[in-house]
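Each chain, written out:
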Amino acid sequence: WGGAINSAKDLTITRSEKHLTVFTGNSAGKYGGALYNSSVMNISGAEFTDNISGSGGAVYNGGTATLSGVKFIKNFAADNGGAFYGGTNTLTDLLFSGNTGKNGGAIYNDKFTEITGTVFSGNTSTAHGGAIYNIGAATITGSTFTGNTSAERGGAMYSNKTLTVIDTVFANNG
């Protein structure tokens, strides 16, 4: 669990003035190709690229997460959440591009997620929710969904729980 980091206590990852923290090519058989969190996690200015796992291709969150200015590019989950799985989340100014998962090409949400100013582009689901699979509660504000695809339901999103969408663009999803 957590190919690079398994965190059971508070975790903070921040960007310095010149560099950002990069997680690339990490893998975990079951949860969180790069990172597994079961506590409180704060990440700003990081990049997750080419990570692989069963669920949460890059990040598996079993706790509470606040992310800003983070990029998720070309991560893969054989099951749920191509880039990011679960927890209670506040996600601001992120990029999810080219991620793949069974349910939720980019995000699998099973609790509560608030998303603001985030771009979802070219993510793929082999089942439902090209970018997001929601079975919790989600609020999405000022975000963009373009070119996301799903093999079955919801080219951009699949939701069977509470979903609120405000001032968001959906273009060329299928």
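All values derive from a computational prediction rather than experimental measurement.

1. Structural notes on the overall build of the protein
When helices and strands are counted, the protein shows zero helices and 27 strands. What you see for the protein is a C-alpha radius of gyration of 14 Å, in line with the 16 Å of a compact globule of 174 residues. Counting only C-alpha atoms, the protein reaches 35 × 30 × 25 Å along its principal axes. Out of the 174 residues belonging to the protein, those deemed buried represent 48%.

2. Here's the deal with the nonpolar core
In this structure, F48, L67 and F72 are the most contacted members of the largest nonpolar core, which totals 30 residues. Counting six residues, the second-largest nonpolar core is a separate cluster that includes Y36, Y85, Y108 and Y158.

3. Here's the deal with the side chain of N109
As for its position among the elements, N109 is in strand β17 (residues 107–109). Look at N109 and you get buried, because its relative accessible area is 1%. Side-chain polar atoms of N109 contact the backbone nitrogen of K111, separated by 3.5 Å. Setting aside anything within four residues of it in sequence, one finds N109 in contact with G87, N89, Y133, N134, I135, G136, A137 and A138.

4. Examining the environment of S16
Inspection of the secondary structure assignment puts S16 in the loop between β2 (11–13) and β3 (21–24). Under the relative-accessibility criterion, S16 is labelled partly exposed at 41%. Distance in space between the C-alpha atoms of S16 and A137 is 33 Å, their sequence separation being 121 residues.

5. A word on the packing of aromatic side chains
Under the definition given, this model contains 16 aromatic pairs. Here F145 and F170 contribute two aromatic rings whose centre-to-centre distance is 4.9 Å and whose plane-to-plane angle is 10 degrees, an arrangement assigned as stacked. A residue pair is termed long-range when its members are at least 10 positions apart, and F145 in strand β23 (residues 144–146) and F170 in strand β27 (residues 169–171) qualify at 25 residues. A residue is classified by how much of its surface remains accessible, and F170, at 41% relative accessible area, is partly exposed.

6. Regarding unusual backbone geometry
A positive phi angle, close to 55 degrees, is found at D93, a residue other than glycine. Looking at the element boundaries, D93 is found in the loop between β14 (88–92) and β15 (95–97). Its identity as a non-glycine residue notwithstanding, D167 has a phi of 45 degrees, on the positive side. Mapped onto the secondary structure, D167 falls in the loop between β26 (162–166) and β27.

7. Observations regarding the sheet that holds strand β6 (residues 40–44)
The parallel open sheet is built from seven strands, whose spatial order is β2-β6-β10-β14-β18-β22-β26. What marks the edges here is a single partner per strand, and that holds for β2 and β26. Each strand of the sheet is rotated relative to its neighbour by a mean of 5 degrees, with strand direction disregarded. Note: β6 against strand β10 (residues 64–68), five bridges, orientation parallel. When the bridges of β10 are listed, V40 appears paired with T64.

Rules behind the numbers
Residues numbered from 1 in each chain as written. Predicted model: local features only at pLDDT ≥ 70, side-chain atom pairs only at ≥ 80, totals over all residues. Heavy atoms only, no water. Helix = DSSP H or I, 4+ residues; strand = E, 2+ residues; numbered from the N terminus. Rg over C-alpha atoms; globule rule 2.2 N^0.38 Å. Buried < 20%, exposed > 50% of the residue type's maximum accessible area, 1.4 Å probe, protein only. Core = buried A, V, L, I, M, F, W, Y, C linked by side-chain atoms within 4.5 Å. Polar contact = N/O pair within 3.5 Å; in protein donor to acceptor, adjacent residues only side chain to side chain. Contact = heavy atoms within 4.5 Å. Phe/Tyr/Trp six-rings, centres within 6.5 Å; stacked < 30°, edge-to-face > 60°. Pairing = 2+ DSSP bridges. Axes fitted to C-alpha atoms, helices over the stretch in contact; angles between N-to-C directions.

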